[in-house]
Amino acid sequence: MTLININVIFAILAAYLFGSIPWALVVGKLFYKTDVRQFGSGNLGASNAGRVLGKWAGVSVTILDALKACFVVLLCASFIPSATILAGLACCFGHCFPIFANFKGGKAVATTFGYFLGIGIVTGHLLTIFVLPVCSFFVILYICKMVSLSSIIAIGIETVASFFAQPDLVISLSFVALFLFVTYRHKSNLQRIKDGEEKKITWM
């Protein structure tokens, strides 16, 4: 096994562990003395953190979760470029199946947007890779008032756009993988949407 392969494997494992940091749990217990797993959906994501702990907790967890993937992408791009995409995906996977929280985490929306941010910075396509899906998310959220549906559609829009907005096919395929993964993680939300039972936001 070459040194390059060892470095890539190390980067992927480290990214998974970093992605496993459950910020919703940390913020909840440290600042609110609350285990968010015991309330709301029980999910260790930003949406449940906001629902249980309040708006600012939700915003904080969103930013921290997004920064996990962004940091991994930027760090790998600087020191182990060949590991950048796989490590970024591993970080998102770690967020959903965190070793530090019994492998029960979030749904990878914030980390996916963080991955978009990191890739956008590295490739110089920040506008089309990060700003586009963020703006799409808020426009769709304003229309449908459902975070889950807005997240899936916004990530889907970026996935399609990436095939035209930047030249790297591997990056676009990584977006496809994340879109499918995020959609799968929201299967219960999609069922509730179908049944007309999905919760809607009231602040927009």
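In the block above lies the structure referred to throughout.
Heads up: these notes are all about the structure in this document. (Residues numbered from 1 in each chain as written. Predicted model: local features only at pLDDT ≥ 70, side-chain atom pairs only at ≥ 80, totals over all residues. Heavy atoms only, no water.)

**Re the nonpolar core**
Piece 1. In terms of nonpolar packing, the biggest core is built from 34 residues, with Phe113, Tyr115, Phe116, Ile119 and Phe175 touching the most fellow members.
Piece 2. When contributions to this core are tallied by element, the ones reaching two or more residues are α1 (3-19), α4 (55-79), α5 (84-96), α6 (109-123), α7 (126-144), α8 (147-165) and α9 (169-185).
Piece 3. The dominant element in this core, judged by the number of residues it contributes, is α5, at 6 residues.
Piece 4. For Ile119, the residues in contact, after removing those within four places along its chain, are Val73, Thr84, Ile129, Ile171 and Phe175. (Core = buried A, V, L, I, M, F, W, Y, C linked by side-chain atoms within 4.5 Å. Buried < 20%, exposed > 50% of the residue type's maximum accessible area, 1.4 Å probe, protein only. Helix = DSSP H or I, 4+ residues; strand = E, 2+ residues; numbered from the N terminus. Contact = heavy atoms within 4.5 Å.)

**What to know about the environment of Phe31**
Piece 1. When you line up the elements, Phe31 lands in helix α2 (residues 23-31).
Piece 2. A relative accessible area of 61% places Phe31 in the exposed class.
Piece 3. Taking C-alpha positions, Phe31 is 9.6 Å from Leu53, a pair spaced 22 residues apart along the chain.

**Some words on unusual backbone geometry**
Piece 1. We note that Asn102 has phi near 60°; this positive angle belongs to a residue other than glycine.
Piece 2. Along the chain, Asn102 falls in the loop between α5 and α6.
Piece 3. Positive phi outside glycine occurs at Lys145, with the angle close to 65°.
Piece 4. Structurally, Lys145 can be placed in the loop between α7 and α8.
Piece 5. Its relative accessible area of 21% is what places Lys145 among the partly exposed residues.

**Concerning the packing of aromatic side chains**
Piece 1. A full pass over the atoms with the stated rule returns 10 aromatic pairs.
Piece 2. When the centroid spacing of 5.5 Å and the interplanar angle of 50° are considered together, the rings of Phe18 and Phe71 count as tilted. Note that Phe18 is positioned in helix α1 and Phe71 in helix α4, a separation of 53 residues in sequence.
Piece 3. What makes Phe18 partly exposed here is its relative accessible area of 29%.
Piece 4. Residue classification places Phe71 among the partly exposed positions, given a relative accessible area of 44%.
Piece 5. With a centroid separation of 4.7 Å and an interplanar angle of 65°, the aromatic rings of Phe116 and Phe175 are classed as edge-to-face. (Phe/Tyr/Trp six-rings, centres within 6.5 Å; stacked < 30°, edge-to-face > 60°.)

**Some words on the pattern of salt bridges**
Piece 1. Taken as a whole and judged by the stated rule, the model has 3 salt bridges.
Piece 2. Put simply, Lys68 and Asp65 hold a salt bridge, and the shortest N to O gap is 3.5 Å. Residue Lys68 and its partner Asp65 are both found in helix α4; the two are separated by 3 residues, about one turn of the helix. Of the two residues, Lys68 and Asp65, neither departs from the other in class, the shared state being buried.
Piece 3. Between Glu198 and Arg192 there is a salt bridge, with its nearest N and O atoms 2.9 Å apart. (Salt bridge = Lys/Arg side-chain N within 4 Å of Asp/Glu carboxyl O.)

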